[in-house]
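Here is how the chains run, residue by residue.
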Amino acid sequence: MHLIGTDDLSKDAINRILDIAEDIAAGKSVASVKEHSTLGLLFELPSTRTHVSFDVAMARLGGHSVYLDTNVSQMSRGESIADTARVLSGYCDFIAARVKKHQSVVELAENSRVPVINALSDLEHPTQALADAFTIRSHKVNLGNIKIAFMGDVAQNTANSIMLTAAKLGADVALIGPKGFYPNSVYVNRAMEYTKVVHTTSLEDGLEDADVVYTDTYVSMGKESEAEKRRKLFAPYQLNSSALKYANKDAIVMHPLPAHRGEEITDDVIDGKQSVVWEQSRNKMIVNQAILVYLSQNH
Ligand code: NVA
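Scoring rules and cut-offs
- For every chain, the first residue of the written sequence is number 1, and numbering continues from 1 along that sequence.
- In view of the model being predicted, local features appear only for residues whose pLDDT reaches at least 70, and side-chain atom pairs are presented and counted only at 80 or more, with totals across whole chains, interfaces and linings using the full set of residues.
- Heavy atoms throughout the structure, all of them, feed into the side-chain values; hydrogens and water do not.
- Note on definitions: salt bridges are taken to be side-chain nitrogens of Lys or Arg within 4 Å of carboxyl oxygens of Asp or Glu.
- Secondary structure elements are defined from DSSP: runs of H or I of at least 4 residues count as helices, runs of E of at least 2 residues count as strands, and each element is numbered from the N terminus.
- Nearness is defined per residue: one heavy atom within 4 Å of the molecule or strand is enough.
- Two N or O atoms form a polar contact when they lie within 3.5 Å of each other; inside protein one atom must be a possible hydrogen donor and the other a possible acceptor, and for residues adjacent in sequence the pair counts only when both atoms belong to side chains.
- Each accessible area is a Shrake-Rupley estimate made with a 1.4 Å probe; only the visible protein chains count as cover when residues are assessed.
- Charged means Asp, Glu, Lys or Arg here, nonpolar means Ala, Val, Leu, Ile, Met, Phe, Trp, Tyr, Cys or Pro, and polar covers whatever is left, Gly included.
- Note on exposure labels: buried denotes an accessible area under 20% of the residue type's maximum, exposed denotes more than 50%, and partly exposed covers the range between, all computed with a 1.4 Å probe on protein chains only.
- Throughout, the arc means that of the directions going from the helix axis to the C-beta atoms.
- Here a residue-residue contact requires only that any non-hydrogen atoms of the pair lie within 4.5 Å.
- Strand pairing is assigned whenever DSSP detects at least two bridges linking the two strands.
- The axes are straight lines fitted to the C-alpha atoms, using for helices just the contacting stretch, and the angles between their N-to-C directions are given from 0 to 180°.
- The path from the first strand over the helix to the second decides the hand: if it runs clockwise while the strands point away from the viewer, the crossover is right-handed.

A. Representation of the pattern of salt bridges within the structure. Within this structure, the stated rule accounts for 14 salt bridges. Put simply, Arg-137 and Asp-19 hold a salt bridge, and the shortest N to O gap is 3.0 Å. Of the two residues, Arg-137 sits in helix H5 (residues 126-140) while Asp-19 sits in helix H1 (residues 11-25), which places them 118 residues apart along the sequence. Salt bridges sharing common partners tie together Asp-7, Lys-168, Arg-190 and Glu-193.

If you want it as structure tokens, here you go:
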């Protein structure tokens, strides 16, 4: 079994991972990965949280990780992803890969003998969404009765993974952003099989009754050439204190980081009382342990 996209996990599987994470967070002893397990981290793109949280997660499980930047690997000289997968899966017990094109992580999985985890692609960020669901669950208990509002660039990896993970757990989803940036219809249609999903250009409508307000960068990795245009178009969708007033009073504020303070989110909101951003970030380490345990039990 691999974790390439959110649809690799059923609702039960998501809940199982969150339950393992809850036990880990509570300091209970949980099943671990096999002794001396190794996680290969194959990264084509920069990373702070995902890299370190997987590294530490593996150490906490009694294993270790090996980080390989593709720029200093033979992939930079043309070795194929398929051959790289064949080689790495001969050394490692898991591979987590951060790739520019989603198809690369698919190919990696197709040619790997060990579980492959998508550590972010242009289409999905499934491990982030699991850590987010864990964070939401610890504040809102039951995702079945809540509304998650995702604002800004709704046509990107985090939005797709959050939308589908939240939908599988029963949360309503509102996607709020400017005309011209439409959410991925495959993800919207899948999510609508589980829950209500609306896409709106109105901050007021989208944020009404929201229990979770989520935002992410205007300029995801790979979109740097559109930065100027994006900053202009997304500016009205900044998560600031006026926007936050439209949501429920006890709504929590989330961001996968890195934050571009003063762009998609203001200092007072990210540092404010409603923000759970640092806890959300820390939870990646807990949930990544749970993902590794779950995959080792289900491969
Ligand atoms: N959507 C962002 C997420 C970073 C963790 C990006 O792809 O750059």
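Continuing now.
B. Layout of the site of the ligand. If you check the shell around the ligand, you find Leu-120, Gln-156, Asn-157, Thr-158, Asp-216, Thr-217, Ser-220, Met-221 and Leu-257 and nothing else. Within the side chain of Asn-157, one N or O atom sits 2.8 Å away from an oxygen atom of the ligand. A distance of 2.9 Å is found between an oxygen atom of the ligand and a backbone nitrogen or oxygen belonging to Met-221. In isolation the ligand has 270 Å² of accessible area, and contact with the protein removes 92% of it. In terms of residue class, the shell around the ligand is built from three nonpolar, five polar and one charged.

C. How the structure looks around helix H7 (residues 185-192). Along H7, the positions that sit buried rather than exposed are Tyr-187, Val-188 and Ala-191. The buried residues of H7 occupy an angular sector of 100 degrees when projected down its axis, which confines them to one face. Buried residues belonging to H7 abut helix H6 (157-168), strand E6 (172-176) and strand E7 (197-200). By the N-cap criterion, in which a side-chain oxygen at the helix start approaches the backbone nitrogen of a residue two or three places on, H7 is capped by Asn-184, the distance to Val-186 being 2.9 Å.

D. Quick peek at the sheet that holds E6. Read from one edge of the open sheet, five strands run E7-E6-E5-E8-E9, paired in parallel fashion. Pairing within the sheet leaves two strands with one partner each, and these edge strands are E7 and strand E9 (252-254). Each neighbouring strand pair of the sheet contributes to a mean axis angle of 20 degrees, computed without reference to strand direction. Where strand E5 (residues 147-151) and E6 come together, five bridges link them in parallel fashion. Bridge pairing in E6 links Phe-150 to Leu-175.

E. Inspection of the pairing of strand E2 (residues 64-69) at higher detail. Here strand E1 (residues 38-43) pairs with E2 via six bridges, running parallel. Looking across to E2, one finds that Leu-41 is bridged to Tyr-67. In this fold, the crossover linking E1 to E2 by way of helix H2 (residues 49-60) has right-handed handedness.

F. The sheet that holds strand E4 (residues 116-118), seen in detail. Judged by pairing direction, the sheet is parallel, and its four strands sit side by side in the order E2-E1-E3-E4 without closing on themselves. One side of each edge strand has no neighbouring strand; the edge strands of this open sheet are E2 and E4. Sheet twist, expressed as the mean angle between neighbouring strand axes with direction ignored, is 20 degrees. In this sheet, E4 lies alongside strand E3 (residues 94-98) in parallel orientation, the contact comprising three bridges. Within E4, the position partnered with Ala-96 by the bridge is Ile-117. Taken strand by strand, helix H4 (residues 102-110) contacts E1, E3 and E4, and its axis lies near 170 degrees from that of E4.

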